[in-house]
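Geometric and topological summary
If you want the building blocks of each chain, they are given just below.
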Amino acid sequence: MNYNGNVAIYLVLAVNFLTALAYMIIMYRKTKRNYVFIRGFVIVCCPVTALCCYFFSYLQDLFISEKEVDYMNLSMDKTKKQFEQAVDKETEMKMLPLEEVLTVSTTRDRREAMINLLKTDVSDRLSLIRKAVENEDPETAHYAASALTDIFGKFTAEVNQLQAAYDKDRSNREINEEYIDVVMRILGSGALFGVEELTYLYIYTGLVENLMGYHPRAVTSEHAAMMVKALCKEGKSAEAEKWAEMSLEKWPDDEQPYMNILYIKYYLGKEEDFYKCLKELADSGIALSRKGLDIIRFWLKK
């Protein structure tokens, strides 16, 4: 019984080997592809199992036909291109920077972009709306001008209300500080030019000087920094220099007072004082901002 079993195994292996050999010879003559030798080797190494796998694979290809590829639809010809989903132009327009839309887009796109912008909170984009007022498209400019007029109308109403309360009691710290904050917000909007800007600069400097008179401890480093720039624009450089020096005396461990000194010394052309302050800032040990580091690196390397 054991002898017959061994004979059967040897017979199966022999038939398997001859089948693999026949497969390699026939398929190579037919296809001239080298992969037939790899398949033949697999059949030899995996008797019966490999033959069954290849046989059932052949049956699958024979009875389950694959859909033929329509190569015409794969053409890169522009006439064959189709989009499954239409481009949402309005959404794409919202994603573009408004500065680019106002510069390079069509008239219609500019108008749509401006309308979309005005539907949002534009309190922090007033400079952009001011720029749009000068747009070559009259309708876009009209939208921007109307929005700007409406916004400044609200600002004016708020300022008038605060001015009335301020005039009643100029020693009131809360009203004084609230008034300063509103004026600073308007000045920082970037929407003021010329006479309009000067008007609010005069209001601001008067408010801070008043606060300094009644509540000197309430004056902050931010107030002082703005005072230096405001007084320079008003042509009061001597007063601006005093505020810069005062800020450094009051906040010697802050970066901003040094920036105030550098600003006014550069403005006045006092080169020696400028570099002296720059060196003091570099040696102060104060944790500098990126802006402060850039200024020191730029000027001290010269």
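In this report, the structure presented in the accompanying data block is examined. Keep in mind that this is a model prediction, so the values were computed, not measured.

1. Things to note about the side chain of Thr 205
By secondary structure assignment, the location of Thr 205 is in helix H10 (residues 194–214). Once residues within four sequence positions are removed from consideration, Thr 205 is found in contact with Met 227, Ala 230, Leu 231 and Glu 234.

2. A few points about a nonpolar patch on the surface
On the surface, Phe 17, Leu 18, Leu 21, Ile 25, Ile 26 and Val 44 cluster together to form a nonpolar patch covering roughly 530 Å² of accessible area. Looking at which element gives the most residues to the nonpolar patch, the answer is helix H1 (residues 2–31), with five residues. Topologically, Ile 26 is positioned in helix H1. We classify Ile 26 as exposed; its relative accessible area is 54%.

3. A closer look at the packing of aromatic side chains
In this description, an aromatic ring pair is defined by two values, namely the gap between the centres and the angle between the planes. Taken as a whole and judged by the stated rule, the model has eight aromatic pairs. Taking the centre distance of 5.7 Å and the plane angle of 75 degrees together, the rings of Tyr 166 and Tyr 179 count as edge-to-face. Of this pair, Tyr 166 sits in helix H8 (residues 138–168) while Tyr 179 is found in helix H9 (residues 173–187), placing the two residues 13 residues apart along the sequence. Classification of Tyr 166 by relative accessible area gives buried; the value is 4%. On the basis of relative accessible area, Tyr 179 is assigned to the buried category, the value being 1%.

4. Brief notes about the environment of Glu 112
Note that Glu 112 resides in helix H6 (residues 107–118). Separated by 28 residues in the primary sequence, Glu 112 and Thr 140 have C-alpha atoms spaced 8.8 Å apart.

5. Quick look at helix H14 (residues 271–283)
For H14, spanning 13 residues, the distance from its first C-alpha to its last is 18 Å, which sits close to the expected 18 Å at 1.5 Å a residue. Against helix H13 (255–268) and helix H15 (290–300) lie the buried residues of H14.

6. Observations regarding a negative patch on the surface
A surface patch of negative charge is lined by Glu 174, Glu 178, Asp 181 and Glu 222. Looking at the negative patch, the element that brings in the most residues is H9, giving three residues.

7. Section: the pattern of salt bridges
One pass over the structure, following the stated rule, counts 14 salt bridges. Between Arg 170 and Asp 167 there is a salt bridge; the shortest N-O distance is 3.1 Å. We classify Arg 170 as partly exposed; its relative accessible area is 39%. Several salt bridges converge on common partners, so that one network encompasses Glu 241, Glu 245, Lys 265, Lys 270 and Asp 273.

The rules behind the values
Residues numbered from 1 in each chain as written. Predicted model: local features only at pLDDT ≥ 70, side-chain atom pairs only at ≥ 80, totals over all residues. Heavy atoms only, no water. Helix = DSSP H or I, 4+ residues; strand = E, 2+ residues; numbered from the N terminus. Contact = heavy atoms within 4.5 Å. Patch = residues over 30% accessible without salt bridge, like charges linked within 9 Å, V, L, I, M, F, W, Y side chains within 5 Å. Areas by Shrake-Rupley, 256 points an atom, 1.4 Å probe, with all protein chains shown as cover. Salt bridge = Lys/Arg side-chain N within 4 Å of Asp/Glu carboxyl O. Buried < 20%, exposed > 50% of the residue type's maximum accessible area, 1.4 Å probe, protein only. Phe/Tyr/Trp six-rings, centres within 6.5 Å; stacked < 30°, edge-to-face > 60°. Expected span 1.5 Å × (residues − 1). Lys, Arg positive; Asp, Glu negative; His and termini not counted. Charge placed at Lys NZ, Arg CZ, Asp CG, Glu CD.

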